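Chain by chain, the residues run as shown.
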Amino acid sequence: MKAIAVNGSPRKRGNTFLLLNMVLDELKARGIETELVQAGGRDIHGCIACGKCKDYKIAKCTFDDDIVNESIRKLETADALIIGSPVYFGSLTAQTKAFIDRVGYATRPHKILKGMVCASVTAVRRNGALTAFNAINNLFTISESIVVGSSYWNQGIGRAVGDVMDDEEGIETMKTLGQNMADALFALKK
């Protein structure tokens, strides 16, 4: 089995990266292959709602000069998806939103995310974690995915890089999320 995590933070090794890796470490400990895709800080076109993705025989977006189509190919072989974003001005980053919109539109006609075990992760200083959390989960619920939770919202609190490592409850939440995702994957495999 394979899990893909998407880091929507422009800080490649920031708090979102740290939180996602806590989840991935739990999955790896259970024998699940993992990969982290860096979306934040990259040029990702926003969706223009052209509808051309519905006409393709494979899941793909009409824009083919960023990481979205490459990421869709990876998702076709994955069993789980975790998308993480820091909170910027009360919501998720622009790159995360563009990624979600385009992946969502391009994969829905082909049901790529249907039945996939999915979760959202947010890194927050104060406000907006629930808004970002829900925005990511909208992709999963609209795509008929299986959304896995933890002991609380899947968030870590911190501002400066590394601050989430002082959030004991956040660390425990990420570990529990990874364990819950692994449990769901193994239950579905039976």
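Just above, that's the structure.
Cut-off values and rules
Residues numbered from 1 in each chain as written. Predicted model: local features only at pLDDT ≥ 70, side-chain atom pairs only at ≥ 80, totals over all residues. Heavy atoms only, no water. Salt bridge = Lys/Arg side-chain N within 4 Å of Asp/Glu carboxyl O. Helix = DSSP H or I, 4+ residues; strand = E, 2+ residues; numbered from the N terminus. Buried < 20%, exposed > 50% of the residue type's maximum accessible area, 1.4 Å probe, protein only. Pairing = 2+ DSSP bridges. Right-handed = clockwise from strand over helix to strand, strands pointing away.

(A) Structural detail: the pattern of salt bridges. Summed over the entire model, instances satisfying the criterion amount to eleven salt bridges. Here Asp-183 ties to Arg-30 by a salt bridge, and the two come within 2.6 Å at their closest N and O atoms. Placement of Asp-183 in helix H5 (residues 168-189) and of Arg-30 in the loop between helix H1 (15-29) and strand E2 (33-38) is noted, with a sequence separation of 153 residues between them. For Arg-30, a relative accessible area of 34% puts it in the partly exposed group. A salt bridge links Lys-74 to Glu-35, with the shortest nitrogen-to-oxygen separation between them at 2.6 Å. Residue Lys-74 is located in helix H2 (residues 68-75), and its partner Glu-35 is located in strand E2; the two are separated by 39 residues in the primary sequence. Counted as one network, the salt bridges with shared partners bring together Lys-2, Glu-33, Glu-35, Glu-70 and Lys-74.

(B) Region of the structure containing the pairing of strand E3 (residues 80-86). Within E3, seven of the seven residues are buried, leaving the element largely enclosed by the surrounding structure. Taking every second residue as pointing to the same face, both faces of E3 are buried, with Ala-80, Ile-82, Gly-84 and Pro-86 on one and Leu-81, Ile-83 and Ser-85 on the other. Two strands pair when backbone bridges link them, and strand E1 (residues 2-7) and E3 are joined in this way by five bridges, in the parallel orientation. Paired with Val-6 across the bridge in E3 is Ile-83. Here seven bridges tie E3 to strand E4 (residues 117-124), and the two strands are oriented parallel to one another. Each bridged residue has a counterpart across the sheet, and for Gly-84 the counterpart in E4 is Val-121. Taking the sense of rotation as the criterion, the β-α-β connection linking E3, helix H3 (residues 94-107) and E4 turns out right-handed.

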